[in-house]
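Structural overview
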Amino acid sequence: MQDEAKKGGETPEEEITLDPSEGEDSPPAQDLFLETIEELSRERDEYQDLLLRKQAEFENFRKRVNREKAELEEASRAEVLAELLPVFDSASKGLQTLRELDPGPELEPFLEGYELLVKALEGALERFQVSPVPGVGARFDPNLHEAILREVGTDLTDGEILEEYRSGYEMNGRLLRPSQVKVAVRSTPASAAPATADKD
């Protein structure tokens, strides 16, 4: 009876065995963790590189905007000052005319007024670093001078400016207005021409 109970009534416990080959295809937790860290490091480096590139682009953009702004301001200033030059010319000529007339007491207030006006205009031009272009005695430069007349002579220095009809001005290397000048042209005297050999 007991043997039958043992045989029929009780089921023997199944033995559970682990296959040593299981788990070989999946990496251990430590390897997976290291791979995750490497991936995050790569992403971090990519984002950092992108950030540095964007910062450099923004810095270049900021510098370009500042440079263009400065150039625009200087161009606008130059345009206004160029419009002021004819006023300065007229005031200077008026002052010169009054001085040549040897004004008496009745014209003295006008002379003083012209002197003050010319002085104020000169001060304004100096504050904006406007300087006259080299004139009489300087060598002709087509970038600075406009030749209105020329004088030819054997005793002249070629390219020398002999007279200035209208002063030219520049500001920080930017030409506001060229000078209108008379330029010397040296001619070769006939006696200095090379002699030709006589034919036999």
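Provided above is the structure to which this section pertains.
Parameters at a glance
Residues numbered from 1 in each chain as written. Predicted model: local features only at pLDDT ≥ 70, side-chain atom pairs only at ≥ 80, totals over all residues. Heavy atoms only, no water. Patch = residues over 30% accessible without salt bridge, like charges linked within 9 Å, V, L, I, M, F, W, Y side chains within 5 Å. Areas by Shrake-Rupley, 256 points an atom, 1.4 Å probe, with all protein chains shown as cover. Salt bridge = Lys/Arg side-chain N within 4 Å of Asp/Glu carboxyl O. Helix = DSSP H or I, 4+ residues; strand = E, 2+ residues; numbered from the N terminus. Buried < 20%, exposed > 50% of the residue type's maximum accessible area, 1.4 Å probe, protein only. Pairing = 2+ DSSP bridges. Axes fitted to C-alpha atoms, helices over the stretch in contact; angles between N-to-C directions. Contact = heavy atoms within 4.5 Å. Polar contact = N/O pair within 3.5 Å; in protein donor to acceptor, adjacent residues only side chain to side chain.

The subject of this paragraph is a nonpolar patch on the surface. Together, Phe33, Leu34 and Ile37 make up an exposed nonpolar region whose accessible area comes to about 290 Å². Counting through the fold element by element, Phe33 comes out in helix 2 (residues 29-100). You can call Phe33 exposed: its relative accessible area is 54%.

Spatially, three strands are ordered 1-4-5 in an open sheet, and the strand pairing comes out antiparallel. If you trace the sheet from one side to the other, it starts and ends with strand 1 (130-132) and strand 5 (174-177), each paired once. Within the sheet, the average angular offset between the axes of one strand and its neighbour, ignoring direction, is 35°. Both strand 4 (residues 169-171) and strand 5 contribute to a ladder of three bridges, which runs antiparallel. The partner of Tyr169 across the bridge, within strand 5, is Arg177. In the packing of helix 2 onto the sheet, contacts are made with strand 1, strand 4 and strand 5, and the angle to strand 5 comes to roughly 30°.

Let's shift gears to the side chain of Arg177. Tracing the backbone shows Arg177 in strand 5. Classification of Arg177 by relative accessible area gives buried; the value is 9%. Here Asp89 takes part through its side chain, which lies 2.7 Å from a polar atom of the side chain of Arg177.

Below, the discussion takes up the sheet that holds strand 3 (residues 161-166). Strand order in the open sheet formed by three strands is 2-6-3, and the pairing between neighbours is mixed. Either end of the sheet is taken by a strand with one partner, and the two such strands are strand 2 (145-153) and strand 3. Adjacent strand axes in the sheet meet at a mean angle of 25° when their direction is disregarded. Across four bridges, the pairing between strand 3 and strand 6 (residues 179-186) is antiparallel. Each residue of the ladder has a partner; that of Arg166, found in strand 6, is Gln180.

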